[in-house]
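# Topology and contacts: notes
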Amino acid sequence: MSLDLAYVEPSNSAILVIDVQNDFVSGSLAVRDAEQIIDTINALLTLPFALKVATQDYHPANHISFARNHAGKKEFDKITIFPPAELVARRMPEDERPLEALEQVLWPVHCVQDTTGVAFVDGLEHESLEVVRKGCDVGIECYSAFEDPWGLTNTGLKDKLRNKEISNIFVVGIAGDYCVKSTALDAKKHGFRTFVIRDAVKSVSDEGREWTEMTKAGVEIIDTAQELLTSKIFSQ
C-alpha cells in the first residue's frame, strides 16, 4: 500500500523518539539490535517537523517495576499492581475511567534517575529535541509518553502537541511492543493521526503482535523511513 500523507504538512506534524537510552540499547534492559535504528532516526530528525520530542524512562530507584523491589520475585516475573490511593484521591471527580488492577512485568533495574543508563545513547542527535520524561512516580508504570494506564499522572505531552497545533504524529524508537505501542495507541486515542515507522523501531519480542494491535486501532504503519525521507511533502 502506498504511503498516504493527505493533509500532512511539516507545520502540523511532530516526531516522537521513544526511549533511545543507554539502558535500552546496551545496558541492563538492552533490546536486541537497537543500535541499528539510530542512524535511521537521525535521518528522520533532519526533516522539518514542527515539533521534535524525545522521551526518557526516568524511574526512581525504588520503582514498582523493578524486580529487586519485590521480595522473593525474579526478573521477568509478573505481579498485579493497583492504582496508588494517594493519586486516586487527587483525580478529578468527572474522570470515570476504570481503576482496575493491572498485570506488571518485573524488570531489571533500568533508567534510574541521574544515572548513565537514563541518558540518551551516544550518536543520537538529541540536542535540539524537547524532552518528555515518564515513569517518574514510584508506584506507577508508564509505558506511554502521554500518561499512565489509569490516567492518574500525565507527562504534559498532549498539551505540548496541542499548543503547537499538531495533527500528525510519527513515532519511532524502543521498544515497539511496549513504549512505542502504548504511545501510538494513546496518540490515536487523543485524536492525532498517528504513524509508526517500522524500520525505525526495535521490539523486545519477534512475534510482531504489536503491529497488528496498532493497525487494528487505526495507527498507520510506514514500512521504511525512506518513504518519508523521499516524500515530496517533507522534501519541499
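Keep in mind the model is a prediction, meaning the values are calculated, not measured.

### Brief notes about the sheet that holds strand E6 (residues 168–174)
Spatial ordering of the open sheet is given by E5-E2-E1-E6-E7-E8, a layout of 6 strands whose pairing is parallel. The two strands at the open ends of the sheet, each matched to only one other strand, are strand E5 (130–134) and strand E8 (220–222). On average, each strand axis in the sheet is tilted by 25° relative to the strand beside it, whichever way the strands run. Relative to strand E7 (residues 193–202), E6 is paired through 6 bridges, and the arrangement is parallel. Across the sheet, residue Ile174 finds its bridge partner in E7, namely Lys202. Helix-sheet contacts for helix H2 (residues 38–45) involve strand E1 (13–18), strand E2 (51–57), E6 and E7, and the interaxial angle to E7 is about 145°. Its contacts with the sheet place helix H5 (residues 176–189) against E1, E5, E6 and E7, and it is angled at close to 165° to E7.

### Quick notes on the pattern of salt bridges
Going through the model one piece at a time under the given rule, you end up with 13 salt bridges. Across the salt bridge formed by Lys181 and Glu213, the nearest N and O atoms sit 3.1 Å from each other. One end of the pair, Lys181, is in helix H5; the other, Glu213, is in helix H6 (residues 209–216), and 32 residues separate them in sequence. Take Lys181: its relative accessible area is 17%, and that puts it in the buried class. Classification of Glu213 by relative accessible area gives partly exposed; the value is 37%. Beyond isolated ion pairs, a larger network of salt bridges with shared partners links Asp4, Arg193 and Glu220.

### Remarks on the environment of Gln56
Relative to the elements of secondary structure, Gln56 occurs in strand E2. Linking Gln56 and Asp33, residues 23 residues apart in sequence, is a C-alpha distance of 19 Å. Sequence-distant contacts of Gln56, defined by excluding residues within four places in its chain, comprise Asp19, Gln21, Val118, Ala119, Phe120, Val131, Val132, Arg133 and Lys134.

### A few points about H2
All buried positions along H2 are accounted for by Ile38, Ile41, Asn42, Leu44 and Leu45. Along H2, the residues classed as buried sweep out an arc of 160° about the axis, all on the same side. Looking at the buried positions of H2, the neighbouring elements they touch are E1, E2, E6, E7 and helix H7 (225–229).

### Some points on the pairing of E7
Within E7, 7 of the 10 residues are buried, which leaves the element mostly enclosed by the surrounding structure. Where the polypeptide runs from E6 across H5 and back to E7, its parallel neighbour, the crossover connection is right-handed. Pairing of E7 with E8 involves 3 bridges; the strand directions are parallel. Its bridge partner being in E8, Ile197 is matched across the sheet by Ile222. One crossover worth recording links E7 to the parallel E8 by way of H6, and it is right-handed.

### Concerning the nonpolar core
A general tendency of soluble globular proteins is for nonpolar side chains to be buried together. Counting residues in each nonpolar core, the largest one holds 38 residues, and the members touching the most others are Val17, Phe170 and Leu228. Residue assignment for this core shows that the elements contributing at least two residues are E1, helix H1 (22–25), H2, E6, E7 and H7. Looking at this core element by element, the count peaks at 4 residues for H2. Here Leu228 is in contact with Leu3, Leu5, Leu44, Leu47, Phe49, Phe170, Ile197, Ile222 and Phe234, once residues within four sequence places are set aside.

Cut-off values and rules
Residues numbered from 1 in each chain as written. Predicted model: local features only at pLDDT ≥ 70, side-chain atom pairs only at ≥ 80, totals over all residues. Heavy atoms only, no water. Pairing = 2+ DSSP bridges. Helix = DSSP H or I, 4+ residues; strand = E, 2+ residues; numbered from the N terminus. Axes fitted to C-alpha atoms, helices over the stretch in contact; angles between N-to-C directions. Contact = heavy atoms within 4.5 Å. Salt bridge = Lys/Arg side-chain N within 4 Å of Asp/Glu carboxyl O. Buried < 20%, exposed > 50% of the residue type's maximum accessible area, 1.4 Å probe, protein only. Arc of directions from axis to C-beta. Right-handed = clockwise from strand over helix to strand, strands pointing away. Core = buried A, V, L, I, M, F, W, Y, C linked by side-chain atoms within 4.5 Å.

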